[in-house]
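Summary of the model geometry
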Amino acid sequence: MIVVTGATGNVGGALMRILTAAGERVRAVSRHPAEVPAGARHWSADLAEPAGLKTALEGADALFLLVAGEEPREVLDLAEAGGVRRVVLLSSQGAGFRPDAYRHPVTFEAAVRASGLEWTILRPGGFHSNSYAWAASIRANRTAAAPFADVGLPTIDPADIAEVAAAVLREPGHAGRTYELTGPAAITPRERAAAIAEALGEPVRFVEQTREEAREEMLRFMPEPVVEGTLAITGDPTAAEQKVGPAVAQILGRPPRAFADWARRNLAAFR
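1. Thoughts on the pattern of salt bridges
A side chain of one charge can pair with a side chain of the opposite charge if their charged atoms are brought near each other. Under the definition given, this model contains 20 salt bridges. Among the salt bridges present, the one from Arg-254 reaches Glu-163, with a minimum N-O distance of 3.2 Å. With Arg-254 in the loop between helix H12 (247-252) and helix H13 (259-265) and Glu-163 in helix H7 (residues 158-170), this pair connects stretches of sequence that are 91 residues apart. Arg-254 sits in the partly exposed class, given a relative accessible area of 24%. Given the relative accessible area of 24%, Glu-163 is considered partly exposed. Among the salt bridges present, the one from Asp-261 reaches Arg-265, with a minimum N-O distance of 2.7 Å.

2. Considering helix H8 (residues 189-200)
With 12 residues, H8 should reach 16 Å at 1.5 Å per residue; the first-to-last C-alpha distance of 17 Å fits that figure. Each element contacted by the buried residues of H8 is listed here: helix H6 (135-141), strand E7 (143-147), strand E9 (205-209) and H13. One or two steps after H8, the chain reaches Gly-201, where phi turns positive at roughly 75 degrees.

3. Describing unusual backbone geometry
The phi angle at Arg-142 is positive, at roughly 55 degrees, despite the residue not being glycine. By secondary structure assignment, the location of Arg-142 is in the loop between H6 and E7. The backbone of Phe-148 sits at a positive phi, close to 55 degrees, despite the residue not being glycine. The buried category is assigned to Phe-148, whose relative accessible area is 17%.

4. Quick look at the packing of helix H3 (residues 72-82) against helix H5 (residues 103-113)
Axis separation between H3 and H5 bottoms out at 9 Å; the angle between their running directions is 30 degrees. When the interaxial angle is binned, H3 and H5 end up roughly parallel. Considering how the two elements wind past one another, H3 and H5 form a crossing that is right-handed. Here H3 contributes Pro-72, Arg-73 and Leu-76 to the contact with H5, which in turn contributes Thr-107, Phe-108, Ala-111 and Val-112. Split into classes, the residues belonging to the contact of H3 with H5 amount to five nonpolar, one polar and one charged.

5. A look at the nonpolar core
Counting residues in hydrophobic clusters, the biggest one holds 30 residues, and the most contacted among them are Val-4, Leu-15, Leu-19, Phe-64, Leu-122, Leu-169 and Leu-181. Looking at this core, the elements with two or more residues in it are strand E1 (2-5), helix H1 (10-21), strand E2 (26-30), strand E4 (62-66), strand E5 (86-90), H7, strand E8 (177-181) and H12. Broken down by element, this core gets its largest block of residues, eight residues, from H7. With 25 residues, the next largest nonpolar core counts Leu-47, Ala-60, Leu-65 and Trp-119 among its residues.

About the criteria used
All chains use their own residue numbering, which begins from 1 and follows the written sequence. In keeping with the model being predicted, local features are shown solely for residues with a pLDDT of at least 70 and side-chain atom pairs are shown and tallied solely at 80 or more, while totals for entire chains, interfaces and linings include all residues. By convention in this description, side-chain values take in all heavy atoms of the structure and omit both hydrogens and water. We define a salt bridge as a contact between a side-chain nitrogen of Lys or Arg and a carboxyl oxygen of Asp or Glu at a distance within 4 Å. Labels follow the DSSP assignment, with helices taken as runs of H or I lasting at least four residues and strands as runs of E lasting at least two, numbered in each case from the N terminus. Accessibility here uses a 1.4 Å probe with only protein chains present; expressed as a share of the type maximum, an area under 20% marks a residue as buried, one over 50% as exposed, and anything in between as partly exposed. Here the expected length of a helix is defined as 1.5 Å per residue gap, with one fewer gap than residues. Should any heavy atoms of two residues lie within 4.5 Å, those residues are considered in contact. The angle between two axes is taken between their N-to-C directions and runs from 0 to 180 degrees, where each axis is a line fitted to C-alpha atoms and a helix contributes only its stretch in contact. Oblique is the label for any angle not covered by the other classes, which are roughly parallel (under 35 degrees), roughly antiparallel (over 145) and roughly perpendicular (65 to 115). With the far helix as reference, a near helix turned anticlockwise by less than a right angle produces a left-handed crossing, and one turned clockwise produces a right-handed crossing. Basically, the charged four are Asp, Glu, Lys and Arg, the nonpolar ten are Ala, Val, Leu, Ile, Met, Phe, Trp, Tyr, Cys and Pro, and anything else, Gly included, counts as polar. Buried Ala, Val, Leu, Ile, Met, Phe, Trp, Tyr and Cys residues form a nonpolar core when they are joined through side-chain atoms within 4.5 Å.

Okay, here's the thing in structure tokens:
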């Protein structure tokens, strides 16, 4: 039995479909009721209130854990008490490269390593699906806006993260490992907009924001330290943050999916 937290998210939803298709029994955990694939059962629970996870974790073998809530230690204690032996944490590349700005995932990583469970940590960089932020403006007036138009980062398809997570949850050989997950190549915001335009078969105008314009917009839905860390990565990435990592190909036996592939598969959001 595998417990998947964040079961309605870009990664969690795909992970549930992969696991149930492989015949695994899955308990899907999210804050709100949700439809789940055959072979899965849904629990309404919030990682910010770990006690609500107790029944979902009882009798489970493995846990896919998001960085959410403030009490990773309590969640991990409940998991161990419920019989969980393996935990896979979806962290962030920022925990390794900019720990001062990404203290929340750093805290979760430390708790997982100290838990006594068999653990694996996944550290993806930016998601291809962050481009959903453009969906409304592209639908309305075929415009996409972002700062640092020509700075590239190797963003990753959430579907690839889900496939890696499924492999790590089900296969031996990943205990005690931390994997940096990237896409196949660095891609700039301008290039992402062009890829969406090509998939649409229509022009998309790209508007480069100033750093301050982007900061004000991001502060509406992100804490300030994360905003500053994100702007630092997207505007002035280190060589390590721009590097394409080998982990996805090593684990899945194929290259990670390009942004253009993600854009074609998710075109309906931008029509």
